[in-house]
Amino acid sequence: MITFGSLFAGIGGFDLGFERAGMVCKWQVEIDDYATRVLEKHWPGVHRERDIRSCGKHNLERVDVICGGFPCQDISYAGLGAGLDGERSGLFYEAIRVVRELQPKVVVLENVAALLTRGLDRVLGTLASIGFDAEWHCIPAAYVGAPHIRDRIFILGHTEMQQWESKPSGKGFTPNSNCEGLEK
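Residues numbered from 1 in each chain as written. Predicted model: local features only at pLDDT ≥ 70, side-chain atom pairs only at ≥ 80, totals over all residues. Heavy atoms only, no water.

### Quick look at the pattern of salt bridges
This is how the line gets drawn: Salt bridges are defined as contacts in which a side-chain nitrogen from Lys or Arg sits within 4 Å of a carboxyl oxygen from Asp or Glu. Burial status follows relative accessibility: with a 1.4 Å probe on protein chains alone, a residue under 20% of its type maximum counts as buried, one over 50% as exposed, and anything between as partly exposed.
By the definition in use, this model includes six salt bridges. Where Asp-51 meets Arg-53, a salt bridge forms, and the shortest distance between an N and an O atom there is 2.9 Å. The exposure class of Asp-51 is partly exposed, given its relative accessible area of 22%. Bridged by salt links that share partners, the residues Glu-94, Arg-97 and Glu-101 form one connected network.

Pasting the structure below:
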């Protein structure tokens, strides 16, 4: 049984997908009141914490995978461009602290495609500094059937010394794509 914990859980998008893939959610961290009520409804028996800044090995169980879509407001082109130095998007470093303390085998992160030019180098460098190799892919929402583009970057960090083989699906998706259609 593969276990996971969800940082910046929102209303449980990663959680639902991971559970459908056969994984078991052990905990969720979400500060938003509305999103927390949604999580409580769909995952009533799951341990939940509110603020990532007060989480770590003292109150979160060790899991195989940690996932999360850290805040994008300072990274998005619609924002002021503070990037990972911003108050909200800077919470990425709190996520890294939790990862460092809990030492999962895999980390899955998501954010807006603007991260490619507003901090991906720092994200990858930080992951490497705590022992994770990483692969990343930029995926437009339209690629999975949504009626809009909304490019998102997904980063898969892993501790195993192996290459993750990418298998093209025939829909034009290529590893580490540059998010064609990314508007600046």
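Once the structure has been displayed, the description carries forward.
### Looking at the packing of aromatic side chains
Aromatic ring pairs are defined here through the distance separating the ring centres and the angle between the ring planes. Stated formally: Within 6.5 Å between ring centres, the rings of Phe, Tyr and Trp (the latter by its six-membered ring) count as paired, and their orientation is classed by plane angle as stacked under 30 degrees, edge-to-face over 60, tilted in between. Strands here mean DSSP runs of E at least two residues long; helices mean DSSP runs of H or I at least four residues long; both are numbered from the N terminus.
Using the criterion set out here, one finds five aromatic pairs in the structure. Seen from their ring centres, Phe-4 and Phe-18 are 5.3 Å apart, and the 85 degrees between their planes marks the pair as edge-to-face. Of the two residues, Phe-4 is situated in strand 1 (residues 3-7) and Phe-18 in helix 1 (residues 13-20); the sequence distance between them amounts to 14 residues. Residues Phe-4 and Phe-18 agree in their burial class; the two are buried. Seen in terms of ring centroids, Phe-14 and Phe-18 are 5.6 Å apart; in terms of plane orientation they differ by 45 degrees. Their pairing is tilted. Here the residue Phe-14 and the residue Phe-18 both occupy positions in helix 1, the gap between them amounting to four residues, near one helical turn.

### Description of the pairing of strand 1
Applicable threshold: Only strands that DSSP links by at least two bridges are regarded as paired with each other.
The buried fraction of strand 1 is high, at five of five residues. A two-sided burial pattern is seen for strand 1, the buried positions comprising Thr-3, Gly-5 and Leu-7 on one face and Phe-4 and Ser-6 on the other. Sheet analysis places strand 1 next to strand 2 (residues 24-29), joined by four bridges and oriented parallel. Its bridge partner being in strand 2, Gly-5 is matched across the sheet by Trp-27. Bridge count for strand 1 against strand 4 (residues 65-68) is four bridges, and the pairing is parallel. Residue pairing across strands places Phe-4 opposite Val-65, the latter belonging to strand 4.

### Here's the deal with unusual backbone geometry
With a phi angle near 50 degrees, Gln-103 is a residue other than glycine that sits in the positive phi range. Checked against the element boundaries, Gln-103 lands in the loop between helix 3 (92-102) and strand 5 (106-112). Located in the positive-phi region is Arg-150, a residue other than glycine, with phi close to 35 degrees. Mapped onto the elements, Arg-150 comes out in the loop between strand 6 (133-140) and strand 7 (151-158).

### A short note on the nonpolar core
Filter applied, for reference: Buried Ala, Val, Leu, Ile, Met, Phe, Trp, Tyr and Cys residues that are joined via side-chain atoms within 4.5 Å together make up what is termed a nonpolar core. Between two residues, a contact is recorded if the distance between any of their heavy atoms is within 4.5 Å.
Grouped together as the largest cluster of nonpolar side chains are 32 residues, with contacts concentrated most on Leu-7, Phe-70, Val-123 and Ile-155. Listing elements by their share of this core, those giving two or more residues are strand 2, helix 3, strand 5, helix 4 (120-129) and strand 7. At six residues, the largest contribution of residues to this core is made by helix 3. Ignoring sequence-local partners within four residues, the contact set of Leu-7 consists of Trp-27, Val-29, Ile-52, Ile-66, Cys-67, Gly-68, Gly-69, Ala-95 and Val-98. One finds Phe-4, Leu-39, Val-65 and Val-106 within the second-largest nonpolar core, a separate group that totals 13 residues.

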